[in-house]
Amino acid sequence: MKNVIKINRLMNPAILFASIWILTIFLFSFNLSEFVEVSSIYSVLYILFSVVIILIFGVPTELRMAKLDLDGYKLNKLNIKIVSIGLLSLLIFEVISEISFFGTLPFLASLSFSDKVDYNVVVAIFKFKHNIFIKANSIFLSGFFFFLYHFGRKNILYLIGYSFVLAISLLYISRSTLLSIASITLMIYLIKNPLKPRLFIYLVFILVLMSYAFDKLYFIRNMGNENFYLNTYEDHGFIDSVIRGFEGLYVYIASPISNLLYNIDIGTFSYFELRPGYMIRMFLPADLGNFLFGQIDFDETVYLPNDTNTFTAFPAMLFTFGLIGNFFFHLIFLALAMKYVYLKVLEDPYKWLFILIFFNHIVLLSIFSSSFYNLVFYVPIVIALVFPPLKKINVDYK
């Protein structure tokens, strides 16, 4: 008998996009933080209409679900060796290079300079290389090793590789990288393990730990801020940290969409825009982008209230195409994604399922950042396309 599992419909990018945005709007509606602005019904309806349009046109007329035969593949040992030796070595080399330059661990780097040194200028030197060789590489390797552990007979070496990459990511205390790794890990796990009550309990437990960790990471990231350390942060124990962490997670989820809706309300975006230069420059090093297209006034145009610094994928698209042009961009982008990623999974899940996971990770992060315009998130897709961890074999069932 065939050992076949069905891929959940939520792996359909259109359904996933609609689901995550509806959930985000629902959480935003509670308005539980001073960092979340009250918005008009018109801006909310605009986003809901955008989501519904994408759902209607993005879902294929034939809602077939991809199936994965667990006896129909084997590990691609050559690709595993290339990735494990080449990309892991590159990651280690780049981390050592940054530690050598800063003279300390990455998360302490901002504390290692005198007042005469502009830390932001120093970081700019590493930004593009860091984003590709450390951040994007870490996102890919974590997914690669966990995928192999999940589909490769639970080989402990793959779990060690995953844990090692996760530990390196923790050195940088980058919430976006850790969020990427967490979302990719969860998607891979849920492929073979559908949601059940016991798993739901585990997820609640993990959420509590994440809230605690979120609060502590926030503390570590602000250790160099004397006002924060002396007047803002008080540690009253585990429960206090968890509650404050929950508040931080809520703000992390709700403030980006709040900033988006606020800018729609105050008329930041026109109905039609065409700034292809802005879209292209997002995939280039800053100096090269400025040389080719000049300075772009996005930061001066889009207003971020309450000293927050996050926004969703929409502002970048609205800035580039406008309120109405954004619909066409979404439809074209999602149509290409459905044709060249999701429908490919139906044909060959052994290669394309891994790629789909990285693409859906971009969809998930659209509620936090301009993920559709971020080169970091496309690099893992390209690597997964070149070095798939699985390959199909012909199984004769009798």
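Refer to the preceding data block for the structure.
Residues numbered from 1 in each chain as written. Predicted model: local features only at pLDDT ≥ 70, side-chain atom pairs only at ≥ 80, totals over all residues. Heavy atoms only, no water.

Draft legend 1. Highlighting the overall build of the chain. Helix and strand counts for the chain come out as 15 helices and four strands. Split into buried and exposed, the 398 residues of the chain put 47% on the buried side. Within the chain, contacts between residues separated by at least 24 positions form 79% of all contacts whose residues are at least 6 apart in sequence. Accessible surface computed for the chain: about 20,900 Å², of which carbon and sulfur atoms make up 65%. (Helix = DSSP H or I, 4+ residues; strand = E, 2+ residues; numbered from the N terminus. Buried < 20%, exposed > 50% of the residue type's maximum accessible area, 1.4 Å probe, protein only. Contact = heavy atoms within 4.5 Å. Areas by Shrake-Rupley, 256 points an atom, 1.4 Å probe, with all protein chains shown as cover.)

Draft legend 2. A nonpolar patch on the surface, seen in detail. Together, Tyr-271, Phe-272, Ile-324, Phe-328, Ile-332, Leu-336 and Tyr-340 line one region of the surface with nonpolar side chains, adding up to about 780 Å² of accessible area. Examined against the element boundaries, Ile-324 turns out to sit in helix α13 (residues 313-347). (Patch = residues over 30% accessible without salt bridge, like charges linked within 9 Å, V, L, I, M, F, W, Y side chains within 5 Å. Salt bridge = Lys/Arg side-chain N within 4 Å of Asp/Glu carboxyl O.)

Draft legend 3. Up close: the packing of helix α14 (residues 349-364) against helix α15 (residues 375-386). Here α14 crosses α15 at 180°, and the two axes come no closer than 9 Å. For the element pair α14 / α15, the angle class is roughly antiparallel. When α14 is examined against α15, the residues Lys-351, Trp-352, Phe-354, Ile-355, Phe-358, Phe-359, His-361 and Ile-362 are found in contact with a partner set consisting of Phe-377, Tyr-378, Pro-380, Ile-381, Ala-384 and Leu-385. Looking at the contact of α14 with α15 residue by residue, the class counts come to twelve nonpolar, one polar and one charged. (Axes fitted to C-alpha atoms, helices over the stretch in contact; angles between N-to-C directions. Parallel < 35°, antiparallel > 145°, perpendicular 65-115°, else oblique. Nonpolar A, V, L, I, M, F, W, Y, C, P; charged D, E, K, R; others polar.)

Draft legend 4. Spatial organisation of helix α9 (residues 238-265). The terminal C-alpha atoms of α9, which comprises 28 residues, lie 39 Å apart, in line with the 40 Å expected from a rise of 1.5 Å per residue. Along α9, the sharpest kink reaches roughly 35°, centred on Ala-254 and followed within four residues by the proline Pro-256. Looking one or two residues beyond α9, the residue adopting positive phi is Gly-267, at roughly 80°. (Expected span 1.5 Å × (residues − 1). Bend = angle between axes of the 7 residues up to and from the residue.)

Draft legend 5. Highlighting a positive patch on the surface. There is a patch of like positive charges on the surface, built from Lys-74, Lys-77, Lys-81 and Lys-391. With respect to the element layout, Lys-74 can be found in strand β3 (residues 73-75). (Lys, Arg positive; Asp, Glu negative; His and termini not counted. Charge placed at Lys NZ, Arg CZ, Asp CG, Glu CD.)

Draft legend 6. Broad picture of the packing of aromatic side chains. Evaluated as defined, the whole model comprises 26 aromatic pairs. With centroids separated by 6.1 Å and ring planes inclined at 40°, the aromatic side chains of Tyr-73 and Tyr-350 adopt a geometry described as tilted. On the criterion of sequence distance, the pair formed by Tyr-73 in strand β3 and Tyr-350 in helix α14 is long-range, its members being 277 residues apart. Under the relative-accessibility criterion, Tyr-73 is labelled buried at 12%. Joined through ring pairs, the aromatic side chains of Phe-17, Trp-21, Tyr-278, Phe-314, Phe-319, Phe-321, Phe-329, Phe-333, Phe-359, Phe-372 and Tyr-373 make up one cluster. When the ring centre of Phe-151 is taken as origin, the NZ or CZ atom of Lys-192, which lies over that ring, is 5.2 Å away. A cation sits over an aromatic face here: Arg-275 above Phe-319, 4.0 Å from the ring centre. (Phe/Tyr/Trp six-rings, centres within 6.5 Å; stacked < 30°, edge-to-face > 60°. Lys NZ or Arg CZ within 6 Å of the ring centre and 35° of its normal.)

Draft legend 7. Geometry of the nonpolar core. Judged by nonpolar contacts, the single largest core of 108 residues is most densely connected at Trp-21, Ile-47, Phe-140, Leu-141 and Phe-372. Counting residues per element, this core draws most heavily on α13, which supplies 17 residues. Ignoring any residue separated from it by four or fewer positions in sequence, one finds Leu-141 in contact with Val-83, Leu-87, Leu-88, Leu-91 and Val-165. (Core = buried A, V, L, I, M, F, W, Y, C linked by side-chain atoms within 4.5 Å.)

Draft legend 8. Local environment of the environment of Ile-181. Along the chain, Ile-181 falls in helix α6 (residues 175-192). Judged by its relative accessible area of 2%, Ile-181 falls in the buried class. Taking the C-alpha atoms as reference points, Ile-181 and Ser-169, separated by twelve residues in sequence, lie 9.1 Å from one another. Apart from the residues within four sequence positions on either side, Ile-181 is in contact with Ser-138, Ser-142, Tyr-162, Leu-166 and Ser-169.

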